[in-house]
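# Breakdown of the fold
These are the residues of each chain, in order.
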Amino acid sequence: MQEMILILDFGSQYTQLIGRRVRELNVYSEIHPWDKCPEITPNIKGVILSGSPFSVRDEKSPKPNLEEIKGKLPLLGVCFGAQFMAQNFGGEVMPSKIREYGRAHLSYVDKENILTRGMSDDSQVWMSHGDTIKTVPSNYNIIASTHDVEVAGYEIEGETTFGIQFHPEVYHSTEGLTLLRNFVVDICGCSQSWTPTSFVEETVAELQTKLGNDKVILGLSGGVDSSVAAMLLHKAIGSNLHCIFVNNGLLRKNEFDSVLDSYKHLGLNVKGVDASQQFYSALSGLSDPEAKRKAIGKVFIDVFEEESGKVEDAKWLGQGTIYPDVIESVSATGGPSATIKSHHNVGGLPDYMKLELVEPLRLLFKDEVRRVGKAMELPQDILGRHPFPGPGLGIRILGEVTAEKVRILQEVDHIFIQGLKDEGLYDEVWQAGAILLPVQSVGVMGDERTYENAVALRAVSSTDGMTADWVHLPYEFLARTSNKIINGVKGINRVTYDISSKPPATIEWE
């Protein structure tokens, strides 16, 4: 069995970051809700307790049973996790006089402690808590402090159990990865053997055993996740994988043909279906964003169902579900939902299709999907592709969608995206696109008055899409892009640039 670090989640906004940081060390990790702890098996080398929005002093706060873990396996409590182990084993946690939030600097009571070994004097860490540990049990030894927090870190005598008040997983803790490496590698003894190549080999072998000679249908989107999932399945079952790529008429300029061509070069068994007119008909007269999404989803299901029915004896539906989808479908605070999102690529298929799910990427974060794709030598134009919404340009055209509006936005988007690529800016941006606004404005072209459409350009930086900031693109680039759009796209006479961050705005406008 693959060795792993188990992370128990108490609802912290940073829990996924803990999992990602552990995996950066080439060590497999899994996140589970604190009240759904899996059986402790020999492959679990250590456990990390996450932070939480709860106070340990709250009667309704999580109260995990650590009987099979504490003192038996290496254990690291982060923030709430550290406070829980202090409060529930004889110490005292009290409200802080002021909320301790932001940067702090460590001083070491035990400079050579194995947990903090190799960290610099005055190392910067990130605090985010309203309570503080006032006293610790008698067998707890303080190993680190800050100016405002005496118990910034502790170790329990006779156990490989540690607690830290700060968050090593966030970027603001500049040597947080050193601390996590000390715990995961030196204390837990993990071998750091979980690599993209090993993942490909293990996953392909598992898929071959699971699927045998069965046929699998997979809906391709042209994006990273579905493409990497397709290649893993292709390596496992070859031509028994049947891929369907639907053109909903809302793709980027020339995208349907170029994506189909790239897939054929990879040897994938792909059928392209141009259903543009069906989607346009379903969208006619609709302007509400949710109504548009539902219409697009319904037509996709209809088209996908029809095409799937042409594959005889298909037993499996392949999907590009990734680990954040799995984590987000389970409540960290003990809610009842444990259902994996079934709409990742295909929008939710009818129950009567009776296809079993196969999700080869369900254990990977987005950046890991790209590394696995690179290990399989997928082209960079697929691996480096910006995220693109499932409803496509349908939610970047505010108001009713028509074929003419799609044409206009495709031209604008092409100029913007190609410009980013030509000027070496594309890879510095997490996601970019253009939005056709439901307004017209007065302009002057060739001494004549115009009254035409306005567009907004959007470019954001992010790591996972949960938060995002607008990218400070060079003014000169924006000026050139605006000029090209207004001169080159009939129907546009005004270009704006969206400088909103998420939150409070969202990445997409609809």
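Starting afresh in each chain, residues are numbered from 1 along the sequence in its written order. Reporting in this predicted model follows two pLDDT cut-offs: at least 70 for local features of residues, and 80 or more for side-chain atom pairs to be given and counted; totals over whole chains, interfaces and linings ignore these cut-offs and use all residues. Side-chain calculation: all heavy atoms of the structure are included, whereas hydrogens and water are not.

## Side note on the overall build of the protein
Strands here are runs of E lasting at least two residues and helices are runs of H or I lasting at least four, both read from the DSSP assignment and numbered beginning at the N terminus. From N to C terminus, the protein includes 13 helices and 19 strands. Two things to know: the radius of gyration comes from C-alpha atoms, and the globule rule equals 2.2 Å times the number of residues to the power 0.38. Here the protein has a C-alpha radius of gyration of 26 Å; the compact-globule value for 510 residues is 24 Å, and the two agree. Counting only residues that meet the buried cut, the protein has 56% of its 510 residues in that class. We call two residues contacting when some pair of their heavy atoms lies within 4.5 Å. Within the protein, contacts between residues at least 6 apart in sequence are counted, and of these 74% link residues at least 24 apart. Surface accessibility follows the Shrake-Rupley procedure with a 1.4 Å probe radius. Residue values consider only the protein chains on display as shielding. When the accessible surface of the protein is summed, it comes to about 22,700 Å², and 49% of that surface belongs to carbon and sulfur atoms. None of His or the chain ends enter the tally, which takes Lys and Arg as positive and Asp and Glu as negative. Every charge is mapped to an atom, namely NZ of Lys, CZ of Arg, CG of Asp or CD of Glu. Counting 49 positive and 68 negative side-chain charges, the protein places the averaged centre of each group 3 Å from the other. Throughout, exposure labels follow a simple rule: accessible area from a 1.4 Å probe, protein chains only, divided by the maximum for the residue type, with under 20% read as buried, over 50% as exposed, and the rest as partly exposed.

## Quick word on the side chain of Asn247
Take Asn247: it is sitting in strand S12 (residues 241–247). In this structure the side chain of Asn247 is engaged in a polar contact, spanning 3.3 Å, whose partner is the side chain of Asp274. Excluding its chain neighbours within four sequence positions, the residues that come into contact with Asn247 are Phe256, Val273, Asp274, Ala275, Ser276 and Phe279. Polar contact is the term for a pair of N or O atoms within 3.5 Å; when the atoms are in protein, one must be able to donate a hydrogen and the other to accept it, and sequence-neighboring residues count only if both atoms are side-chain atoms.

## Section: the sheet that holds strand S10 (residues 161–164)
Only strands joined by at least two bridges in the DSSP assignment are considered to pair. With mixed pairing, eight strands are arranged side by side in an open sheet as S2-S1-S3-S4-S10-S9-S8-S6. Strand pairing shows two members of the sheet lacking a second neighbour, strand S2 (28–33) and strand S6 (107–108), which therefore form its edges. Summarising the sheet, S6 and strand S8 (residues 140–145) pair through two bridges and their orientation is antiparallel. Bridging from a neighbouring strand, Ser107 pairs with Ser145 of S8. Each of strand S1 (4–9), S2 and strand S3 (44–49) is contacted by helix H1 (residues 15–24), which is oriented at about 160° to S2, the strand it contacts most. Where helix H3 (residues 176–187) meets the sheet, it contacts S1, S3, strand S4 (75–78) and S10, and its direction lies at approximately 160° from that of S4. To obtain an axis, a line is fitted to C-alpha atoms, over the contacting stretch when the element is a helix, and the angle between two such axes runs from 0 to 180 degrees between their N-to-C directions.

## With respect to the sheet that holds strand S15 (residues 356–358)
Strand pairing in a sheet relies on backbone hydrogen bonds. The paired strands run either parallel or antiparallel. Strand order in the open sheet made by the five strands is S13-S12-S11-S14-S15, with parallel pairing throughout. Edge strands, defined here as strands with exactly one partner in the open sheet, are strand S13 (270–274) and S15. Between one strand and the next, the sheet's axes are offset by a mean angle of 30°, whatever the strand orientation. The sheet contact formed by strand S14 (residues 314–318) and S15 spans three bridges and is parallel. Paired with Leu317 across the bridge in S15 is Leu357. Packing of helix H8 (residues 289–308) onto the sheet brings it into contact with strand S11 (215–220), S12, S13 and S14, and relative to S12 it is tilted by some 145°.

## Some thoughts on the packing of helix H4 (residues 196–211) against helix H5 (residues 224–237)
The contact between H4 and H5 brings their axes to 8 Å, and the two run at 60°. Here H4 lies oblique to H5, going by the angle between them. Crossing handedness for the pair H4 and H5: right-handed. In this structure, H4 contributes Phe199, Val200, Thr203, Val204, Leu207, Gln208 and Leu211 to the contact, and H5 contributes Leu232, Leu233, Lys235, Ala236 and Ile237. Classes in brief: Ala, Val, Leu, Ile, Met, Phe, Trp, Tyr, Cys and Pro nonpolar; Asp, Glu, Lys and Arg charged; the others, Gly included, polar. Partitioning the contact of H4 with H5 into residue classes produces nine nonpolar, two polar and one charged. Working rule for angles: under 35 degrees goes down as roughly parallel, over 145 as roughly antiparallel, 65 to 115 as roughly perpendicular, anything else as oblique. Each crossing is labelled by how the near helix is turned from the far one, with a counterclockwise turn of less than a right angle marking it left-handed and a clockwise turn marking it right-handed.

## Here's the deal with the environment of Thr481
Along the chain, Thr481 falls in helix H13 (residues 475–488). A relative accessible area of 3% places Thr481 in the buried class. Apart from residues no more than four positions distant in its own chain, Thr481 is found in contact with Ile415, Phe416 and Leu457.

## Describing the pattern of salt bridges
For salt bridges, the criterion is a side-chain nitrogen of Lys or Arg within 4 Å of an Asp or Glu carboxyl oxygen. Counted according to the given criterion, the structure contains 21 salt bridges. The residue Lys271 makes a salt bridge to Glu307 at a minimum N-O spacing of 2.8 Å. Taken together, the residues span a long stretch of sequence, with Lys271 in strand S13 and Glu307 in helix H8 at a distance of 36 residues. The class of Glu307 is buried, set by a relative accessible area of 8%. Taking the shortest distance from any N to any O, the salt bridge between Asp367 and Arg371 comes out at 3.8 Å. With a gap of four residues between them, Asp367 and Arg371 both fall in helix H10 (residues 366–375), about one helical turn apart. Its relative accessible area of 25% is what places Asp367 among the partly exposed residues. Within this structure, Lys271, Glu307 and Lys310 form a network of salt bridges that share partners.

## Concerning the pairing of S3
A large share of S3 lies buried, amounting to five of its six residues. In terms of strand pairing, S1 meets S3 through five bridges, oriented parallel. Bridge assignment links Ile7 to a residue of S3, and that residue is Ile48. Alignment of S3 against S4, held across three bridges, turns out to be parallel. Each residue of the ladder has a partner; that of Leu49, found in S4, is Gly77.

## A closer look at the nonpolar core
Take the buried residues of types Ala, Val, Leu, Ile, Met, Phe, Trp, Tyr and Cys, join any two whose side-chain atoms come within 4.5 Å, and each joined set is a nonpolar core. Of all hydrophobic cores here, the largest spans 65 residues; its most connected members are Val47, Val228, Leu232 and Leu241. The dominant element in this core, judged by the number of residues it contributes, is H5, at nine residues. Apart from the residues lying within four places of it in its own chain, the contact partners of Val228 are Leu361, Val369, Val372, Gly373, Met376, Leu378 and Leu383.

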